Structures are given as structure tokens and as C-alpha cells.
Amino acid sequence: MTDIAAIEAAALRLAPMVRRTPLLWSDTLDGIAGRRVLVKAECLQHTGAFKVRGAANKILSLSEAEKARGVVTFSTGNHGKAVAYVAGRTGVRAVVCLSEHVPAYRAEMIRALGAELSIQGHSQDEAEANYRRLAAERGLTPVVPFDDPHIVAGQGTIALEILEALPEFRRHADDIPVI
């Protein structure tokens, strides 16, 4: 289980790699919800999504031997972009496994960030099977999109930023929707 200490450590580790994103008020969503709504603008991250937080925490947590072997993941887009971005910034070789159904523009974004693409299969399950095969065959270090304490702690840094921006959030969490 990921605890607050792991999330705070992640925040320090990934600070040079991610943007602190603002909380934005949304009049439109306020009208729909009938109360004040805040949006955490993770679309402003370098890769356009919050996934860079988990990828950065995971890759920056690897040993030098693990980094030297390179990393591998599977994705339908955002996690693959995040892994490619962080790996490229840190000089780590990355392989991203995609299925044939991932749109070409997403694959090209990942390739443009410097990752090797391995496109196989017609489903995410087949892309994941390819990822497992490549990890075993090449000795690559896995960077899964979920179910990893480093990924979870990295994503959890969003909550720290919300609490820093809105200390009253702890007292009134039911009254302040955050998307």
C-alpha cells in the first residue's frame, strides 16, 4: 500500500520532471453541478496527461543497473508517451508495446519522444503479452501503467498539490468537487 511518506518522496523525486499544474475554476461545471467545481489541469503536463507523474517516479526510482537494461511498458497512449518522455530525458532506452488498434498519431508521438515501438496484436491484452515477452527476452525493466507502488505514489502527488493549493480542502472535502 502506498502511504503519504511515499507520495511526499515521489513529489521531491519527480519535481524536476513534471509541471505543477493549477486548479482552475469552471463556471460551466459550476452551473452543471450547482456548486463550485475545480479542475486540476493535468493536460498542461509535458505529455498532456497526469501519467508522466507515475512514469517519472518509477523510472527515477530505478537502480543504475535497471536503467542500463532499459525499460518496457504497454499502453494505449498516455502512459506510453509518459514513459518515452521520462526515459528520453534521463537517457534510458524505452520500448513501448502497443496493439495494432492504437491510432497512428499516438504511436508517432511516442516514437517522436524517442521510444522504440513494438506493435503487435489486436487488443491491449495482446500488447501486454508482447510486453511480458520482451521484458523476459531482453531483460528490460517493466514500467507498468498501474498496480505499482511507484506509479501510484507518483500519481498521488496530484493530491499533494491540491492540498497545498486548498488547505481548507481537508475540512470541506465534500463541498469542493475536484476533477
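In what follows, the accompanying structure is described.

What counts and how
- Chains are numbered independently. Their residues run from 1 in the order of the written sequence.
- For a predicted model such as this one, the threshold for reporting local features is a pLDDT of at least 70, and the threshold for listing and counting side-chain atom pairs is 80 or more; totals across whole chains, interfaces and linings nevertheless cover every residue.
- Side-chain measures here rest on the full set of heavy atoms in the structure, leaving out hydrogens and waters.
- Whether two strands pair comes down to DSSP finding at least two bridges between them.
- Numbering of helices and strands runs from the N terminus; a helix is a DSSP stretch of H or I covering at least four residues, while a strand is a stretch of E covering at least two.
- We call two residues contacting when some pair of their heavy atoms lies within 4.5 Å.
- Only the stretch in contact is used when a helix axis is fitted, and all axes are lines through C-alpha atoms; the angle between N-to-C directions ranges over 0 to 180 degrees.
- Cavities and pockets are found on a 1 Å grid laid over the protein atoms alone: a cavity is a set of points where a 1.4 Å probe fits but cannot escape, a pocket is an open set with protein on both sides within 12 Å along at least five of seven lines, and a lining residue has an atom within 4 Å of such a point.
- Grid points are joined across faces, edges and corners, and a volume is the space filled by probe spheres set on the points.
- For this classification, Asp, Glu, Lys and Arg are treated as charged, while Ala, Val, Leu, Ile, Met, Phe, Trp, Tyr, Cys and Pro are nonpolar and the rest, including Gly, are polar.
- Each angle receives one of four descriptions, namely roughly parallel if under 35 degrees, roughly antiparallel if over 145, roughly perpendicular if within 65 to 115, and oblique otherwise.

## A closer look at the sheet that holds strand 3 (residues 71-74)
Right, so step 1: Pairing is parallel across the open sheet formed by four strands, whose spatial order is 5-4-3-6. The open sheet has two free edges, formed respectively by strand 5 (116-119) and strand 6 (141-142), since each of these has just one partner strand.
Right, so step 2: Relative to strand 4 (residues 94-98), strand 3 runs parallel, the two sharing four bridges. Bridged to V71 within strand 4 is A94.
Right, so step 3: Sheet strands in contact with helix 5 (residues 78-90) are strand 3 and strand 4, and its direction is about 165 degrees off that of strand 3.

## Describing the layout of surface pockets
Right, so step 1: Size it by volume and the largest pocket reaches roughly 150 Å³.
Right, so step 2: A11, L14, A15, V18, R20, R53, T157, L160, E161 and E164 are the residues that line the largest pocket.
Right, so step 3: Going through the elements one at a time, helix 1 (4-14) and helix 8 (149-165) are the ones with two or more residues in the lining of the largest pocket.
Right, so step 4: If you tally residues by element for the lining of the largest pocket, the top one is helix 8, at four residues.
Right, so step 5: Here the lining of the largest pocket is built from residues that sort into five nonpolar, one polar and four charged.

## Concerning the packing of helix 1 against helix 3 (residues 51-61)
Right, so step 1: Following both chains from N to C, one finds helix 1 and helix 3 inclined at 85 degrees, their axes separated by 9 Å at the closest point. The orientation of helix 1 relative to helix 3 falls into the category roughly perpendicular. Contact residues: A10, R13 and L14 in helix 1; R53, A56, N57, L60 and S61 in helix 3.
Right, so step 2: Tallied by class, residues from the contact of helix 1 with helix 3 come to four nonpolar, two polar and two charged.

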